[in-house]
Amino acid sequence: MKITISGSLGNIGKPLTTKLIASGHEVTVITSNKDRVEAIKNLGAKAAVGSVSDAVFLRHTFDDADAVFAMTPPNMGGENIIVNTTAAGQAFATAIKETGVKRVVMLSSIGADLPSGNGPIAGLHNIEKIYETLQNVSLTFLRAGFFYTNLYNDVPMIKGGGIIGSNYPSTIEIPFVHPEDIANAVAEELQKRESGKNIRYIISDVRTPNDVAQTLGLAIGKPELPWIEFTDEQALGGMKEAGLPLEMAGLYAEMGSGLRSGKIQEDFLSRKLAVEGKIKLEDFAKEFAAKF
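Residues numbered from 1 in each chain as written. Predicted model: local features only at pLDDT ≥ 70, side-chain atom pairs only at ≥ 80, totals over all residues. Heavy atoms only, no water.

1. Here's the deal with the environment of D54
With respect to the helices, strands and loops of the structure, D54 is situated in the loop between β3 (46-49) and α3 (55-62). Residue classification places D54 among the partly exposed residues on the basis of a relative accessible area of 34%. Each C-alpha atom, one on D54 and one on A183, is 24 Å from the other, the two residues being 129 residues apart in sequence. In this structure the side chain of D54 is engaged in a polar contact, spanning 3.1 Å, whose partner is the backbone nitrogen of V56. (Helix = DSSP H or I, 4+ residues; strand = E, 2+ residues; numbered from the N terminus. Buried < 20%, exposed > 50% of the residue type's maximum accessible area, 1.4 Å probe, protein only. Polar contact = N/O pair within 3.5 Å; in protein donor to acceptor, adjacent residues only side chain to side chain.)

2. A word on the sheet that holds strand β11 (residues 205-207)
The pairing of strands in a sheet comes from backbone hydrogen bonds and takes either a parallel or an antiparallel form. Here we have 3 strands laid out as an open sheet, ordered β7-β9-β11, and mixed in their pairing. Of all the strands in the sheet, just β7 (146-147) and β11 have a single pairing partner and so form its edges. Alignment of β7 against strand β9 (residues 174-177), held across 2 bridges, turns out to be parallel. Counted as the bridge partner of F147 is V177 from β9. (Pairing = 2+ DSSP bridges.)

3. A look at the nonpolar core
Note that soluble globular proteins tend to have their nonpolar side chains buried in a common cluster. Ranked by internal contacts, the top residues of the largest apolar core, which has 31 residues, are I164, L216 and F288. Secondary structure elements with two or more residues in this core: α6 (155-161), β9, α8 (209-219), α10 (246-261), α11 (263-271) and α12 (281-291). The element best represented in this core is α12, accounting for 4 residues. Not counting residues within four places of it along the chain, the set of residues in contact with F288 comprises L151, Y152, V155, I158, L216 and I220. (Core = buried A, V, L, I, M, F, W, Y, C linked by side-chain atoms within 4.5 Å. Contact = heavy atoms within 4.5 Å.)

See below:
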């Protein structure tokens, strides 16, 4: 198959490209960074340099593709993030429609069933709705859990304050996922002969924030590391102090509030779906400790 993937050589894109090449597919990797071209070629793939917000560029890139992995960056600029994310999804949809791509896998998220109250995930909800209007396309919405790798953002808090936390309590259940498990699921889905529009959740583990604090703390030699629940205002202030743009900080605070209420994870947990990912919290803790 001729497969085009977005996401450059990030935590998902690199292992996904490697897997697809190893399976004998012809892979084109979209990147906005010209410096990644050589690394992409070294993996045996073709590089397409451009923006995922540019429908003309995407149309050219999808022109002879059998399948597409559509992934929008989590932060589409420091302002108008939801609008920019949605616009990128519209650009993808336009290019898919105009080129007649038959198989599409979109990286979505837990909480994408909600139109609001879910922070940056609202952009993915909008994109799912746009893609639902596409005709004659086999489409999978791959709703991923909370990325383990987001926990690296807490390293300064752990080192500076001896705590880890956010604006949700230590006892709620959160579906987590490892990028490697996402890459495996995307590779499977791209090679399927599905029909219609389908939702698949990819989750590696379901754990509480208290589990996170204990497991990471043990791995880094801080077994008493506590999970601290912040107020929304404290979480917002902390992210702003860490240098996060105000709009993005507000969206992350809203996402934390959505996790606290249980709304973001409700659809997955209420369905009692299988946890398909293989990389558990204890496995990720080893990676975390190595980079701490």
